[in-house]
Each structure stands twice: as C-alpha cells, then as structure tokens.
Protein chains: 2
Amino acid sequence: MKKTTIHDIARELDVTFSTVARALNDHPAISAATKAAVLETAKRLNYQQNKLASSLRSGRTNVIGIIVPSLDTSFFSSVVHGLEKVMNENGYSMLLYQTGESLSQEQKGIETFLQSRVDGIISSVSGEVEIKEFYEQISKRQVPLLFFDRAINELPVPSVTINDYRAGFLATEHLIGQGYKNIAHLTSDQNLTIFKERFRGYRDALQRYNLPVDEKMIFKGKLSLEFGKESVQQMLDKQMNFDAVFAAEDYTAMGALQLLLEKGYKVPEEIGIMGFANEAFGAFVTPSLSTVDQQTIRMGEETAHLFLKLIGSKDYYGTTPERIVLDPILLPRRSSQPD
Amino acid sequence: MKKTTIHDIARELDVTFSTVARALNDHPAISAATKAAVLETAKRLNYQQNKLASSLRSGRTNVIGIIVPSLDTSFFSSVVHGLEKVMNENGYSMLLYQTGESLSQEQKGIETFLQSRVDGIISSVSGEVEIKEFYEQISKRQVPLLFFDRAINELPVPSVTINDYRAGFLATEHLIGQGYKNIAHLTSDQNLTIFKERFRGYRDALQRYNLPVDEKMIFKGKLSLEFGKESVQQMLDKQMNFDAVFAAEDYTAMGALQLLLEKGYKVPEEIGIMGFANEAFGAFVTPSLSTVDQQTIRMGEETAHLFLKLIGSKDYYGTTPERIVLDPILLPRRSSQPD
C-alpha cells in the first residue's frame, strides 16, 4: 500500500495541494470548515504528517545525528552512552550512523542526516583529509557540527578530544619505568591524527629516556586481534630483541598477549604489554591488561554540553571554535608490572 | 542563520510557494524559464531540498531504522554488523536508535523513524506487552516492520529469533553432564519471552535428569556484572548448597565468576559457570567462560534477507508472517569443564 500524501487528501476533497498543506499547518487564510474536512480526511486515510518537513519553518526537529566509525568497540559505545544521556535529558533524540571506517559510508551518513533535517551533526571522522569537503558542505548549510575524539583541525568546528600525545608518552614512560627497554609499537595505518599523536608520544618518551627508536619495531596495519598476533609473530620469526609491546588499541594488545602466552612466554615477567582504550575485557583477562583510559563517559558528556552551548549560541561557525582536550588516565594492570 | 525554505525562494522571486515546490519537482505545468530561475535562486540561497519530503511521492528513502536496546553489548552490535553489511550492499542506509530498555525511548525512536519516513523498521523490543500498541501504529501506516531476537509474537510481523528454550536446555544439560547437581540460575526481571524461554529450558533440563528445581536458587534482576556478584554473595551468605551457576547473560556470569575467584573458590573444579551470548571477553578470561553462541552475524544476515524479501513482496502484514528460528550453539570452555 502506498503512503497517503497531501495529494491524496487534495484529490479526495477536490481542493488544491496548497489548501491541504495550509490547512494541515493551521494557516489563517483557510476556513475552519475546510480545516475540519482536511483533518477528518487525513485521519481517515491514515495520513502521517511529515513533521520533519513542517519543521522547515521552525527549523527544529530535535533530532541529532551521530556519526561513528563503529559501535563494536567499548570506546565509541561508551562515549555515545554518555552523550545520549545528556542529550535525552535535554529533549533531543539521537540517530546513529556507523561508517565502518569507510569514506563513502561516511558521506552517505552525512547526506542521510542532512536529508532528515537533523538539528545538528556530531561526528568522529574516518579520514581527515579525504572527508574534509563533505564537512564543509555541512558548514555551508549552517547545520551545527561538532567533532569528538577524531577531528578535522583545519575546519572551524568545536571539538572534544583527548590528549593522545600525552597518552602515548605516559604509556611508554610507564613501560620504561618498569624496566622494559626494547618497546615495540603497533599502530594504525589510517591517516588519523589520534594515531600519529600516540606514536609521537611513544617516540618522544623513548628519546627522553635515551632509548633508541627502531623503525623495525614499529608496525602499521588494521588494528585488530589478528594484527596484534601477526606483528608479534613477525618479531619472533625474525628473532628481534623486544621486551615490551605498546599497542595503540586494546584488541591489538590482546592479540599480542595471546600469541606470546601460546608460545610459552611469560607476561609480564619476560615481555610487558600495554594496550589503549580500556575495553571492557581488559580487567577480566589473565594477566589483566594495562591500558590507557580515555574518560569515555566524560567525553560523551562534555560533547553533549558543548553541543548544547553551540546550538544556543547560534554562531555555529565562529572564528574561534571551542576545543576541549581531555587528559588521558594511565591504567597500569598486571600485564606491564613484573612485580 | 535560519535554513532556507521554499518560502524564501518564493519571496525572492515573488511567485507562490506552490510554483517553487512544483518547479523543484520538475512539474510539467511550470515553464522551463521559471524552473531555471527557481533552481538558480535555490542554489544561490543554499537551499537543501528535503529529499525525504519529496520522496513522499515515490514512497522510497532507502533508509531503514533499527531499534536496539543497547549497542554496548557484543550481541546487538554484532547482529547489527551482519545486518548492515547486507543492507548496505543492497543500497540501503541504516539509522540506529538505542532504547536503553526504556519504553518511552522506544516510543520516541519509532516516532522519529516514522517522521523521517524510513522505508522500514527493524526492531528488537524492550517490552512485549507494554510496547505493543506503538508497533500496531506502524502496521496501520503500512510501514514494513520486522523483529529480531526479541519479538512480539501476537503481532503478524516476520521475525528472526533464536531458539532460547533449546539454548537454556542445552546449557543446563551440559552442566549436568559435567557432574554438577545444584545449579543456580541468574536471569532477568524483564518481562521478555527470551528470558522466560531460557528459564523454561533450564527447568525442563533439571526435571529431565531428575534434579530438583529450587526456587531459592533462581535469581531475577537487572542482568549485569554487579547482579552476578550480588546473587552469588547471597548464596554464600546463606550457605546454600550450589555447585554451578547458569547465567542468562555473560556479564552476569562474569560477575559470578569474579566473586567466586575472589572468595577463593576453584572454578570449574568446585563450582561450574555457564554464561550466555558469547560476549567478546569470554574467550580471554581465566578460566575461559563457557557460553551459548547465538549466531549473531547469521542472525543479522537472515534479518536483512528476510527484510529485503518483505519489502519486495509488498504484502507487509500478511496473515502468515515468516518466522525464522535459529539454533543456538553450545560453546563449552574451561569454566564448566572440571575434566
């Protein structure tokens, strides 16, 4: 069955499209009798008024679109949890769109949200350079936009991020403090600032403590359990001299941990492991996984508050967008502490 | 800055709303010159055509709304993953809405989707009896609807679920086969068929093997790590005679496991533990957590295929909706096998 449209009601009553549309919107030029007839017919034909379309006038839908790489990870689902709570309390509904790190999906998500006339978009981007022009389109349409965790810094858009440089530095410094000297780094091959910053923190910590930075001990790939296993397997195959692994993401760290245990290595006594993101499983595994907590709930809440402030200001694309940078929290557990 | 509307374009060109609307929709009654002027003005004023509104005529948006209790659990994020993949390949975009098990949020999600004129709704419900009338509204509007995992069986709506009775039976039978005789059950206080069915499977398995069903060993609450800990703590406080715990959800099982290990009990030697849902952490913990796999990716794929079939059939609310029931897969790990 086709959906009932304004045209169907107009045909039924033998009046114009415009009369029906204005009657439905309680326009003063339309008589009370006509309004009553239109409403009765609309009800009888099961017409569902497109509130989004009629909200064109008020410019409000109270719906916010959120773009995330994936909700499969604790990190994003937890940030969204904090964000959603505050936004719901303020009368907003949230629609979520997963990009799966695909740029074409990200573009599609933005288009879907713009077509749905969302009141704003909150996004964690998949690619900074490649996706920039789609976000410029959002700003042209003056739809409020905010980035969280992953931002495009060249755009005048407010953001809530974490100090990834400091996080990478702290994680590496902790391993060094525990006596590890040959620390491998497993990171992403995605061209994203967050991973570059974690890497920069790792490198600077090594240099600060006069340890060499060995390019062969830096692995780039698609962060995952498998990538963690493969990277460690490669180091074992090549008999490389490593005594610790700092992975830029927890599942990757878990892969490294699993392979080392399988091969009979003692963690943390022989090899230390440090992850990133404080995924839910880290506290449950043996040895428990050291990691960096990114204050996800707080990031979600700060993002919501900043967004509400932005919507209230009406100046969505000002010259000095507010950029909140949260501090990471080091969470040393058993996998990096030999005693 | 306010969004540009059809009214703004009409005012700018000193023509009627209807002329602009018809020009934008390439209506034959509007001259080529007027169309060109409207399009030029629309472009100049940065007008974004509401394709959803204009899709009223075709009745297609190619957007599907998915309602889930929460994406914080591997179960739902994994089902959605499988679902999204197939739907994307078929040209659909997916919008997600989390209810957090709240009935008012679920109602809001349905309304938001209907207002967005989605091409269909795929839902896993939070409450069966309470939410029934909202779903009846969807069927009145002839919007295609499909349930997954949690369905309202009284409605003539296709669904993809898992055989929860069989899952509960298999899990309990496995524990009995391993020599456990006093098996506690931790389940949800939500009024949902899935939990009632798992419980029924548990009870029938005990009876089949001539073991008593002890009401005091059945705990109902909000499934969570904390609930698992509290339930086991209560049994310990009351010095109850239990040698196994079957939890209707993995985090709850993990809470039970953690508390028992803290108190110095040996798992699985003294007490066996069985979870449900095959959360990601289960394989990583020590002892690894026995569980029931619900074939999440397959559930997502089957849901997508059934939905595509439904949309193709045009008979969205026929008298014999297709109901696919998947078989659960028992996944015995270390926590339930004393050897």
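In this numbering scheme, every chain counts its residues from 1 along its sequence in written order. Working convention: letters from A go to chains and numbers from 1 go to ligands, in the order in which they are written. Per-residue local features of the predicted model are confined to residues with pLDDT of at least 70, and side-chain atom pairs are confined, for both listing and counting, to 80 or more; whole-chain, interface and lining totals are unaffected and use all residues. Values shown for side chains rest on all heavy atoms present in the structure; no hydrogens or waters enter the calculation.

Per an unreviewed UniProt entry, chain A goes by the name LacI family DNA-binding transcriptional regulator and belongs to Rufibacter sediminis.

What to know about the interface of chain B and chain A
To keep it simple, the criterion reads: Any pair of residues with heavy atoms lying within 4.5 Å of one another is described as a contacting pair. Put simply, buried area is the surface a 1.4 Å probe can reach on two separate parts but cannot reach once they are joined, added for both. By the criterion applied in these results, polar contacts are pairs of N or O atoms within 3.5 Å in which, for protein atoms, one can donate a hydrogen and the other can accept it, and in which residues neighboring in sequence qualify only through two side-chain atoms. Think of it this way: any DSSP run of H or I at least four residues long counts as a helix, any run of E at least two long counts as a strand, and we number them from the N terminus. Any residue that is not Ala, Val, Leu, Ile, Met, Phe, Trp, Tyr, Cys, Pro, Asp, Glu, Lys or Arg is counted as polar, Gly included; the first ten are nonpolar and the last four charged.
Taken together, the contacts link 56 residues of chain B with 57 residues of chain A. Between chain B and chain A, roughly 5200 Å² of surface is buried when both sides are summed, and carbon and sulfur atoms account for 51% of that area. The interface formed by chain B and chain A holds seven residue pairs in polar contact (both at pLDDT 80 or more) in total. Counting only elements with at least two residues in the side of chain B that touches chain A, the list comes to α4 (51-58), α5 (74-89), β2 (93-98), α6 (103-115) and α11 (250-262) of chain B. Residues belonging to the side of chain B that touches chain A are distributed by class as follows: 23 nonpolar, 22 polar and eleven charged.

Here we look at the environment of Pro332 of chain A
Residues and elements named next belong to chain A. Put simply, the rule is: Only protein chains enter the area calculation, which uses a 1.4 Å probe; residues under 20% of their type maximum are buried, those over 50% are exposed, and those in between are partly exposed.
Within the fold, Pro332 resides in the segment after β12 (329-331). Owing to a relative accessible area of 38%, Pro332 belongs among the partly exposed residues under this scheme. Along the backbone, Pro332 and Phe242 are 90 residues apart, and their C-alpha atoms lie at a distance of 20 Å. Beyond its immediate chain neighbours, meaning those up to four positions away, Pro332 contacts His174, Ser290 and Gln337.

Some details on the sheet that holds strand β8 (residues 244-247) of chain B
All names here are of chain B. Note the cut-off: Two strands make a pair as long as DSSP finds a minimum of two bridges between them. Whenever a helix is involved, its axis is fitted only over the stretch in contact; in every case the axis is a line through C-alpha atoms, and angles between N-to-C directions fall within 0 to 180 degrees.
On the basis of which strands lie adjacent, the open sheet formed by four strands has the order β7-β6-β8-β9 and parallel pairing. The open sheet has two edge strands, β7 (218-221) and β9 (272-274), and neither has a second partner. Taken pair by pair, the neighbouring strands of this sheet meet at an average axis angle of 15 degrees, ignoring direction. Relative to β8, strand β6 (residues 183-188) runs parallel, the two being bridged by four bridges. Within β8, the residue paired with Ile183 across the bridge is Ala244. In this fold helix α8 (residues 164-177) packs onto β6, β8 and β9, with an angle of close to 165 degrees to the strand it touches most, β8. Against the sheet, helix α9 (residues 193-208) contacts β6, β7 and β8, and its axis sits at roughly 165 degrees relative to β6.

Details of the relation of the copies chain B and chain A
Under the convention used in this document: Fitting of the copies onto one another was done by least squares over C-alpha atoms, counting residues only where both copies have pLDDT of at least 70.
In the superposition of chain B on chain A (RMSD 0.1 Å, axial shift 0.0 Å), the rotation amounts to 180 degrees. Classification of the inter-copy transformation places it as that of a two-fold axis. Residue by residue, 98% of the interface of chain B is reproduced at the interface of chain A, so both copies engage with the same surface.

Things to note about the nonpolar core
Counted only if it meets this: Among buried residues, those of type Ala, Val, Leu, Ile, Met, Phe, Trp, Tyr and Cys that are joined through side-chain atoms within 4.5 Å constitute a nonpolar core.
Residues Tyr135 of chain A together with Tyr135 of chain B are the most contacted members of the largest nonpolar core, which totals 100 residues. Setting aside anything within four residues of it in sequence, one finds Tyr135 of chain A in contact with Ile67, Glu106, Ile110, Ser123, Val125, Leu145, Phe147, Ile152 and Leu155 of chain A. With 63 residues, the next largest nonpolar core counts Ile194, Met235, Tyr251 and Leu257 of chain A among its residues.

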